[in-house]
Amino acid sequence: MCSLALAGCSGGGGGGGGGGGGASAASGPVAVSLQASAPQVANGGSVTLTWNSVSADACVASGAWAGAKTPSGTAQVGPLGANSTFKITCSNSSFSANASTTVTVSFSAGQLKFERIVIEDGLYPVSKIFGDLDGDGFKDIIVAGGLVLGEQIVWYRYVPATDSFTRHVLSDTGGDDNLVLMDMNADGRKDIVAVSKTKVSWFENPGPANVTQKWVAHDIDATTGGHDLVIADINLDGFLDVVTREEFGGQVRLYLRDAANPATWLPPVLFSQPGTSLPHAGLGLAVARIDGDNYPDLILNGVWLRNPTANFTNPLAWVEFEFAANRQTNWSLASVAVEDIDGDNKLDIVMSRSPLNPDGTGDTATTPITWFKGPVDPTAGAAAWVAKQILSPVENVVDLKLIDINKDGKFDVVFGELYGGSLYRIGIVYGDGGTNWTLQVLSHEGSHGMEVDDYNNDGRFDMLGSNVTAASPDGGALSLWRGIP
């Protein structure tokens, strides 16, 4: 039985559904049953859920499904790619009752096993991360943006003793398109850097005693926001700097600290000025030491910018090198990640094509998830970076992750396809060092990006995802795929 839940969430939803605004149509104690057409299915299989209640006005689903339900009914769920516990709470004005059923999935040899839990239904968050905010050694969940939250930043504190989460509001403004966890003031506590459409800010962690209160915001740029966000000590002065990129304008902005007063941010360095050849539209931003020196370089959709190691505020000092041909056609908007895929001690770059519109529509291209093998001379141009396919067809992948998720010493790709195209999967592509790639699909409901971490310290990676569009089949649920034995 899956016991993980947002504390107080399901009960509140059930009571609200039964209370209504007037007298209840039903009275007396409530009874409810929930059954699945099969207790076990193959990976990708579906089941029919059947529930019946007595004396209930309304029902609310939770667990591996979500949303308001009629007092009795059926629903087909699937394809299933993870063990799933389905729960239902039915109620009237005075009473409520719960039922649950678990469907297990038969996984193929070599595939990781997961169970899916809905943390909160109907949320549609744009950004989501794992991070230890309260300093207890376990990862919490932080989300922001989207149809419901807007610029609000909300976090779910993991409570190991009860294996549950409690919901807290961190800020009512400043959150939206991206979140990064980083200790910005070197006090030993993890702060949050957030970028919205109108500003860039960091939120100061107040420490364990006050962590559930609203956090103090410090503006990095109070007038201009962005979409992509990375944090690094760009000029190696001992202070963390911030780099952002706009969603459609493509403008890249570098925010450096004032060396005389590190609490102050200098005006941004703009990388789309006359005299530079950077594309004026696009997505894709990462930071890595591509040329092997100690200074972090910037990687965009098809080009990388060499850190000048001095004169950092002059955008013309950042020399541009291409690593992907036809970048304006094939990679106008992309997710970018950097690792040594084949273990040759040269950094490789992985890209996936992202949607043209925020709702995932407008892009029917199926450009593969591709890795570009790092050459001996990374400045030699696109012809030197050999493109190799990881997965095709694929659509609308936002913010893919490179991680050794099965701990075999080789990098794998975790991805979610944003709902809105013809493909909307959540999956893992297992790598063997760059030659062969094997796909495992966990869901056919899609996600706007995926996050990966071991939140409960059980030695297995977990994943976090959600859709952002109102028409998405998961109802905007914030979902956790928990790794299981």
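Residues numbered from 1 in each chain as written. Predicted model: local features only at pLDDT ≥ 70, side-chain atom pairs only at ≥ 80, totals over all residues. Heavy atoms only, no water.

Q: Please give an account of the overall build of the protein that cites residues and values.
A: Scanning the protein from N- to C-terminus turns up three helices and 38 strands. Computed over its C-alpha atoms, the radius of gyration of the protein comes to 23 Å, within 12% of the 23 Å expected for a compact globule of 485 residues. For the protein, the spread of C-alpha atoms along the principal axes amounts to about 75 × 50 × 40 Å. When each of the 485 residues of the protein is scored for burial, the buried share is 54%. Counting contacts in the protein only where the partners sit at least 6 residues apart, residues at least 24 apart contribute 53% of the total. If you sum the accessible surface of the protein, you get close to 18,100 Å²; carbon and sulfur atoms cover 51% of it. (Helix = DSSP H or I, 4+ residues; strand = E, 2+ residues; numbered from the N terminus. Rg over C-alpha atoms; globule rule 2.2 N^0.38 Å. Buried < 20%, exposed > 50% of the residue type's maximum accessible area, 1.4 Å probe, protein only. Contact = heavy atoms within 4.5 Å. Areas by Shrake-Rupley, 256 points an atom, 1.4 Å probe, with all protein chains shown as cover.)

Q: Provide a residue-level description of the sheet that holds strand 20 (residues 252-255), including the pertinent values.
A: Taken together, four strands build an open sheet; the order of strands is 18-19-20-23 and the sheet is antiparallel. At either margin of the open sheet sits one strand with a lone partner, and together these are strand 18 (228-232) and strand 23 (269-270). (Pairing = 2+ DSSP bridges.)

Q: Tell me about the packing of aromatic side chains, and please be specific about residues and values.
A: Centre distance and the angle of the planes are the two values used to describe a pair of aromatic rings. If you walk through the whole model with that rule in mind, you get 14 aromatic pairs. In textbook terms, an aromatic cluster arises when at least three aromatic residues are bridged by ring pairs, as seen for Phe-130, Phe-138, Tyr-158, Phe-165 and Tyr-455. Geometry around Phe-461 places Lys-407 over its ring, the cationic atom sitting 5.3 Å from the centre. (Phe/Tyr/Trp six-rings, centres within 6.5 Å; stacked < 30°, edge-to-face > 60°. Lys NZ or Arg CZ within 6 Å of the ring centre and 35° of its normal.)

Q: Which residues make up the state of the cysteines, and what values go with them?
A: Summed over all chains, the structure comprises one disulfide. One disulfide in the model links Cys-59 with Cys-90; its S-S distance is 2.0 Å. When the S-S torsion is 110°, as for the bridge of Cys-59 with Cys-90, the disulfide is right-handed. Pair noted here: Cys-59 is in strand 4 (residues 58-63) and Cys-90 is in strand 7 (residues 83-91), with a separation of 31 residues, a long-range link. A single burial state applies to Cys-59 and to Cys-90, both of which are buried. (Disulfide = S-S within 2.5 Å.)

Q: Which residues make up the side chain of Asn-92, and what values go with them?
A: Within the secondary structure layout, Asn-92 lies in the loop between strand 7 and strand 8 (96-106). Overall, the relative accessible area of 4% leaves Asn-92 in the buried class. Only 2.8 Å separates the side chain of Asn-92 from the backbone oxygen of Ser-55, close enough to count as a polar contact. Among the polar contacts listed, one links the side chain of Asn-92 to the backbone nitrogen of Ser-94, at a separation of 2.8 Å. (Polar contact = N/O pair within 3.5 Å; in protein donor to acceptor, adjacent residues only side chain to side chain.)

Q: So what's going on with the pattern of salt bridges? Residues and values would help.
A: Side chains that carry opposite charge are capable of pairing whenever their charged atoms lie near each other. By the definition in use, this model includes 19 salt bridges. Where Glu-246 meets Arg-253, a salt bridge forms, and the shortest distance between an N and an O atom there is 2.9 Å. Among the salt bridges present, the one from Asp-291 reaches Arg-306, with a minimum N-O distance of 2.9 Å. With Asp-291 in the loop between strand 24 (285-288) and strand 25 (297-300) and Arg-306 in strand 26 (residues 303-306), this pair connects stretches of sequence that are 15 residues apart. (Salt bridge = Lys/Arg side-chain N within 4 Å of Asp/Glu carboxyl O.)

Q: Explain the environment of Leu-283 to me, using residue names and the numbers behind them.
A: If you trace the backbone, Leu-283 turns up in the loop between strand 23 and strand 24. Classification of Leu-283 as buried rests on a relative accessible area of 7%. With 55 residues separating them along the chain, Leu-283 and Asp-228 place their C-alpha atoms 7.2 Å apart.

Q: Quick one: what's the story with the pairing of strand 13 (residues 164-171), residue by residue and with numbers?
A: Where strand 12 (residues 153-159) meets strand 13, seven bridges bridge the pair, whose relative direction is antiparallel. Residue Tyr-156 lies in a different strand from strand 13, and its bridge partner there is Arg-167. Connecting strand 12 to the next strand, strand 13, in antiparallel fashion are four residues, including Asp-163 with a positive phi near 50°.

Q: A description of the sheet that holds strand 16 (residues 200-204) should follow, citing residues and the corresponding values.
A: Strand order in the open sheet made by the four strands is 14-15-16-17, with antiparallel pairing throughout. Strand pairing shows two members of the sheet lacking a second neighbour, strand 14 (178-182) and strand 17 (216-221), which therefore form its edges. Adjacent strand axes in the sheet meet at a mean angle of 25°, parallel and antiparallel pairs treated alike. Note that strand 16 and strand 17 share five bridges and pair antiparallel. By the bridge assignment for strand 17, Val-200 is matched with Asp-221. (Axes fitted to C-alpha atoms, helices over the stretch in contact; angles between N-to-C directions.)

Q: Break down the confidence of the model for the protein for me, with residues and values.
A: Of all residues in the protein, 90% attain a pLDDT of 70 or more, and the chain-wide mean is 89. With pLDDT under 50 throughout, residues 1-24 is counted as low confidence; its partners more than four residues away or in other chains account for 47 contacts. (pLDDT = per-residue confidence, 0-100.)

Q: Tell me about the nonpolar core, residues and numbers included.
A: One finds Leu-34, Trp-65, Phe-86 and Ile-88 to be the most contacted residues of the largest nonpolar core, which totals 23 residues. For this core, the elements supplying multiple residues, two or more each, are strand 1 (31-36), strand 3 (45-54), strand 4, strand 6 (73-80), strand 7 and strand 8. Take this core: its biggest share by element is four residues, from strand 8. Apart from the residues within four sequence positions on either side, Leu-34 is in contact with Leu-49, Thr-50, Trp-51, Trp-65, Phe-86, Lys-87, Ile-88, Ala-99, Ser-100 and Thr-101. (Core = buried A, V, L, I, M, F, W, Y, C linked by side-chain atoms within 4.5 Å.)

Q: Outline unusual backbone geometry, listing residues and values.
A: Of note, the amide linkage connecting Gly-78 to Pro-79 takes the cis form, showing an omega dihedral of 0°. Topologically, Pro-79 is positioned in strand 6. Here the amide bond leading from Ser-392 into Pro-393 is cis, since omega sits at -5°, within 30 degrees of zero. Of note, Pro-393 is situated in the loop between strand 31 (386-391) and strand 32 (401-403).

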